[in-house]
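# Residue-level structure breakdown
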Amino acid sequence: ATALMAPPSRRPAADGAPLYLGSAAVFLSEGLKLPLCLALIAREEGGVRPMLAAVRRCLLRVGDTAKMAVPALCYLLQNRLLFVSLSRLSATSHQLWSQSKTLFTALFFVRLLGQRLEPAQWLALLLLSLGVCTVQLGEAAGSAPPAGGSLLGVAAVLSSSLLP
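Residues numbered from 1 in each chain as written. Predicted model: local features only at pLDDT ≥ 70, side-chain atom pairs only at ≥ 80, totals over all residues. Heavy atoms only, no water.

### Some words on helix H4 (residues 62-88)
A turn of α-helix holds 3.6 residues, and therefore any two residues three or four places apart point the same way. Quick note on the threshold: The way it works is that DSSP assigns letters per residue, a run of H or I at least four long becomes a helix, a run of E at least two long becomes a strand, and they are numbered from the N terminus. Between the first and last residue of a helix there are one fewer steps than residues, each counted as 1.5 Å, and that sum is the expected span. Between buried and exposed lies partly exposed: a residue is buried under 20% and exposed over 50% of the maximum accessible area for its type, with that area taken using a 1.4 Å probe on protein chains only.
When the terminal C-alpha atoms of H4 are compared, their 39 Å separation across 27 residues agrees well with the 39 Å that a helix rising 1.5 Å per residue should span. Of all the residues in H4, the buried ones are Cys74, Gln78, Asn79, Leu81, Leu82, Phe83, Val84, Ser85, Leu86 and Ser87.

Right, dumping it as structure tokens:
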């Protein structure tokens, strides 16, 4: 849904009105998740007081909290890169370039884990890459690139794909 709704909202208006900050959108979306998560914890724990005690216990385990900071920061960076890419790419290009996560996962699977892919899997990865290239070339030939250039948008998507 974000890939469909954000690009039109991130295009400069004809009257020159300023765009909203992508970081503000990320902050707002995370801020909306907090009350929902607390409500679910309260329901599971049996009330507000038990929920507060459970949250306090969790936060006091500094080692566990610190370990969760790494994926949380990666998630924050991915969300920020999402808005950068959506500001500079069409929704179609963004979604197709996002499929590079599959390609990177396969390459890491082979390189880091020493595993093998079947020929059909390599063919699927090749077809995925060709599809991305075909759509990108088709869009480049059919219209002017969005403001700010699409190269930065592609770099943002690829950077996001490398994060865990």
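### Looking at the environment of phenylalanine 109
So the rule is basically this: For this analysis, residues touch if any pair of their heavy atoms sits within 4.5 Å.
With respect to the secondary-structure elements, phenylalanine 109 resides in helix H6 (residues 100-111). For phenylalanine 109, the residues in contact, after removing those within four places along its chain, are Gly114, Gln115, Arg116 and Leu117.

### Examining the pattern of salt bridges
The cut-off we apply is this: Salt-bridge detection follows one rule: a side-chain nitrogen of Lys or Arg within 4 Å of a carboxyl oxygen of Asp or Glu.
With the rule as written, the count across this model stands at two salt bridges. Notably, a salt bridge pairs lysine 33 with glutamate 30, separated by 3.1 Å at the nearest N-O pair. Separated by three residues within a single helix, lysine 33 and glutamate 30 lie in helix H2 (residues 22-45), roughly one turn from each other. With relative accessibility at 28%, the residue glutamate 30 sits in the partly exposed group. Of the charged contacts, one joins aspartate 64 and arginine 61 as a salt bridge, the two residues approaching to 3.3 Å between their closest N and O atoms. For aspartate 64, a relative accessible area of 41% gives the class partly exposed. Exposure remark for arginine 61: the relative accessible area of 47% places this residue in the partly exposed category.

### Describing the side chain of glutamine 78
The line we're drawing: Residues adjacent in sequence count toward polar contacts only when both atoms are side-chain atoms; beyond that, a polar contact is any pair of N or O atoms within 3.5 Å, and within protein one must be able to donate a hydrogen and the other to accept it.
Mapping glutamine 78 onto the fold places it in helix H4. For glutamine 78, a relative accessible area of 16% puts it in the buried group. At 3.2 Å, the side chain of glutamine 78 and the backbone oxygen of serine 160 are in polar contact. Those residues in contact with glutamine 78 that sit more than four places away from it in its chain are Ser160, Leu163 and Pro164.

### Digging into the nonpolar core
Applicable threshold: Remark: nonpolar core denotes a set of buried residues (Ala, Val, Leu, Ile, Met, Phe, Trp, Tyr, Cys) joined through side-chain atoms within 4.5 Å.
Core analysis: the largest hydrophobic core is formed by five residues, namely Leu89, Trp97, Val132, Val154 and Val157. Discounting residues that sit within four places of it in the chain, valine 132 has contacts with Leu96 and Trp97.

### Description of the packing of H2 against H4
Stated formally: Comment: axis = line fitted to C-alpha atoms, over the contacting stretch for helices; angle = value between 0 and 180 degrees taken between N-to-C directions. Reported orientations rely on four angle classes, namely roughly parallel under 35 degrees, roughly antiparallel over 145, roughly perpendicular from 65 to 115, and oblique for the rest. For any helix crossing, the convention is left-handed if the near helix is rotated counterclockwise from the far helix by under a right angle, and right-handed if that rotation is clockwise.
Relative to each other, H2 and H4 sit at 135°, their axes nearing to 9 Å. One way to sum up the angle between H2 and H4 is to call them oblique. Where H2 crosses over H4, the handedness of that crossing is right-handed. In this structure, H2 uses Gly22, Ser23, Ala25, Val26, Glu30 and Lys33 to contact H4, whose residues at the interface are Tyr75, Leu76, Asn79, Arg80 and Phe83.

### Examining the confidence of the model for the protein chain
When pLDDT drops low, the exact placement of atoms in the prediction is not to be read closely. Under the convention used in this document: What pLDDT conveys is the predictor's confidence in a given residue, as a value from 0 to 100.
Averaged over all residues, the pLDDT of the protein chain equals 81, while 81% of them reach at least 70. Highest mean pLDDT in the protein chain belongs to helix H3 (residues 48-60) (92); lowest belongs to helix H1 (residues 2-9) (59).

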